[in-house]
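Per-entry structural report
Here's the letter readout for the chains.
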Amino acid sequence: MAVTGAWQRAARGAGLLDADGTVAATIFAEMSALATRTGAINLGQGFPDQDGPPEVLEAAIAAIREGVNQYPPGRGMLDLREAIAEHQQRFYGLHVDPEREVLVTAGATEALAATLLALIEPGDEVVTLEPFYDAYGALIALADAVHRTVPLRAPHFQPDLDELRHAVTDRTRIILLNTPHNPTGAMLPRETLELIVALAHEHDAIIVTDEVYEHLTFGEAHIPIATLPGARERTVTISSGGKTFSTTGWKIGWLSAPPALVQAILAVKQFLTYVNGAPFQPAMAAGLRLPDAAFTGIADELRSKRDLLHAGLTAAGFTVSQPQGTYFIVADAAPLGFEDAVDFCRRLPELAGVVAVPITAFVGETHRAQYASLVRFAFCKRHEVLERAAAQLAGIGR
Ligand SMILES: Cc1ncc(COP(=O)(O)O)c(C=O)c1O
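What you see is a predicted model; the values in this text were computed from it and never measured. (Residues numbered from 1 in each chain as written. Predicted model: local features only at pLDDT ≥ 70, side-chain atom pairs only at ≥ 80, totals over all residues.)

For the rest of this paragraph, the subject is the pairing of strand β4 (residues 146-151). As judged from the 6 bridges shared by strand β3 (residues 125-130) and β4, these two strands associate in the parallel manner. Within β4, the residue paired with L129 across the bridge is V150. Handedness of the crossover is the feature at issue here: the chain leaves β3, passes through helix α6 (residues 134-142), returns alongside β4, and the resulting connection is right-handed. (Pairing = 2+ DSSP bridges. Helix = DSSP H or I, 4+ residues; strand = E, 2+ residues; numbered from the N terminus. Right-handed = clockwise from strand over helix to strand, strands pointing away.)

In structure tokens:
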């Protein structure tokens, strides 16, 4: 029996539908399996190898013990929604109403899925930056929309403003941003965000902004686009606790948006998961209420890891970009004689006992060539692991 259906669109949207109609494994799964098989250091998939703040972990354990184990409310526990609102006020001066303007989701992924499925009509266009997080391509395709992209080019990975102007038209329903940006580590400056707001007004588009790395920044402060004049009323701001608190497996995410948008997104979200992660919700509230110093501590710790890996990759002979945020770094393998990063990543365990992912995993079919030799390394690992990786990578060029 031929199994047809929307899965084919999703797989094609993520660039995973093979010519024979089967779904290829994602490069992340392939590379993680390679790391397991070879015992190589896994700097491919972005998950931390250390636990986050003990207050957050303890709050989850306490919640389970106290019996917080049944369905939470559909919008998320009020205490967490209040903590999200307090967080938006404390860090960005944004006032959001926890009753009507906040929705708790199963990670940022569900927030993205529910938002795109709720707001798109078939044939609408969605503009994203490129490279893009792989779920964007799949979800845009599932929603039967057309995916337009604006390229980010090495070494600074900032969009060209004319290309941005060109990509957004009256057909655009959503401009989907990600800042700080995975996989490049770039952060969008105010000037670019202002243009996006102006374009959204001009073409009556909704702005969806994925800010899951909002606290993982190394100098420049993160600017939520919702803080710009004229943005808030047409913006869905998405984040999650997985990155900030090293709890990627908990899948507690959230969004804030004007009430009518939240209502529309909730109408879809309630039939995706309904709710999730009851005992993790109060734990995330505890995390969001940690003092400022805890957040700067997380970023400072990560910055020292970035510097360690940056120095190691540079010494090994790569051309290395300087990420402003996230826990990813992009390195060009071409100076080492490797023009094809997919091939290079498959050989990296044997060459250096390290696993990484090619940037082409984040790029659509048409633009692969300009990213062909670029590799993403994750630096959310213990110092000693990064030191070992750097020492092993140093052997490649020799
Ligand atoms: C840009 C971006 N958005 C969303 C997610 C998914 O977040 P969550 O695990 O909260 O669903 C990730 C995770 O890697 C990401 O890098």
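And the narrative resumes.
In the region of the ligand, 14 residues are neighbours, and G107, A108, T109, N182 and S240 sit closest. Looking at the shell around the ligand, the element that brings in the most residues is helix α5 (residues 107-119), giving 3 residues. Among the residues making up the shell around the ligand, the classes are represented as 3 nonpolar, 9 polar and 2 charged. (Near = placed C-beta within 6 Å. Nonpolar A, V, L, I, M, F, W, Y, C, P; charged D, E, K, R; others polar.)

This brings us to helix α12 (residues 292-316). Since one α-helical turn is 3.6 residues long, residues separated by three or four positions face the same way. Relative to the 36 Å expected for 25 residues at 1.5 Å per residue, α12 spans 36 Å between its end C-alpha atoms, a close match to the ideal helical length. Along α12, the positions that sit buried rather than exposed are F295, L302, R306, L309, H310, G312, L313 and A316. Check the buried side of α12 and you find it contacts β9 (319-320), β10 (328-332), β13 (374-378) and α14 (383-393). Within two residues after α12, G317 carries a phi angle of roughly 110 degrees, on the positive side. (Expected span 1.5 Å × (residues − 1). Buried ≥ 20, exposed ≤ 12 C-beta atoms within 10 Å, placed from the backbone. Contact = placed C-beta atoms within 7 Å.)

As summarised here, the arrangement of the 7 strands in space is β2-β8-β7-β6-β5-β3-β4, forming an open sheet in which the pairing is mixed. Each end of this open sheet is capped by a strand with a single partner; those strands are β2 (102-106) and β4. Ignoring which end each strand starts from, the neighbouring axes of this sheet average 25 degrees apart. As judged from the 4 bridges shared by β3 and strand β5 (residues 172-178), these two strands associate in the parallel manner. Counterpart to V126 in the pairing with β5 is I174. Across the sheet, helix α8 (residues 190-202) lies against β5 and β6 (206-210), angled at about 165 degrees from β5, the strand it touches most. (Axes fitted to C-alpha atoms, helices over the stretch in contact; angles between N-to-C directions.)

What follows deals with the domain arrangement of the chain. For an interface, size is often stated in terms of accessible area lost upon the parts coming together. For the chain, the domain assignment lists domain 1 (6-51 + 293-393) and domain 2 (75-288). When each unit is reduced to the centre of its C-alpha atoms, the spacing between domain 1 and domain 2 is 23 Å. On the side of domain 2, 36 residues touch domain 1, which itself brings 38 residues to the contact. Of all the elements in the fold, those that place two or more residues in the side of domain 1 that touches domain 2 are α1 (6-13), α12, β10 and β13. Looking at which element gives the most residues to the side of domain 1 that touches domain 2, the answer is α12, with 6 residues. For the side of domain 1 that touches domain 2, a count of residues per class yields 20 nonpolar, 11 polar and 7 charged. (Domains from an automatic or database assignment.)

The sheet built from 4 strands is open, its strands ordered β9-β10-β13-β12 with antiparallel pairing. In this open sheet, the two strands that pair with only one neighbour each are β9 and β12 (357-358). Direction of pairing for β12 relative to β13: antiparallel, over a ladder of 2 bridges. Residue pairing across strands places V357 opposite R376, the latter belonging to β13.

Another aspect to go through is the packing of α5 against helix α10 (residues 259-272). Closest axis-to-axis distance for the α5/α10 pair is 8 Å, and the angle between their directions is 120 degrees. One element, α5, and the other, α10, form an angle in the oblique class. For the pair α5 and α10, the crossing hand works out as right-handed. Between α5, through E110, A113, A114, T115, L117, A118 and L119, and α10, the contact on the second element is made entirely by A264, I265, A267, V268, K269 and L272. Its residues placed into classes, the contact of α5 with α10 shows 10 nonpolar, 1 polar and 2 charged. (Parallel < 35°, antiparallel > 145°, perpendicular 65-115°, else oblique. Left-handed = near helix turned anticlockwise from the far one by under 90°.)

Glancing now at unusual backbone geometry. A cis amide bond links E130 to the next residue, P131, at an omega of 10 degrees. When you line up the elements, P131 lands in the loop between β3 and α6. With omega at 15 degrees, the peptide bond leading from N182 into P183 counts as cis. Looking at the secondary structure, you find P183 in the loop between β5 and α8. Positive phi, normally seen in glycine, also occurs at D144, with a value near 65 degrees. Here the phi dihedral of T326 falls at roughly 75 degrees; this positive angle occurs in a residue that is not glycine. Along the chain, T326 turns up in the loop between β9 and β10.

In this section: α10. Helix length check: α10 (14 residues) gives 20 Å between terminal C-alpha atoms against 20 Å at 1.5 Å per residue, within 8%. Taking the largest bend as the criterion, α10 deviates by roughly 30 degrees, centred on L266. Those residues of α10 that sit buried are L261, V262, I265 and K269. Where α10 is buried, its residues contact β2, α5, β7 (235-240) and β8 (252-256). Positive backbone phi, approximately 65 degrees, marks Y274, located one or two places after α10. (Bend = angle between axes of the 7 residues up to and from the residue.)

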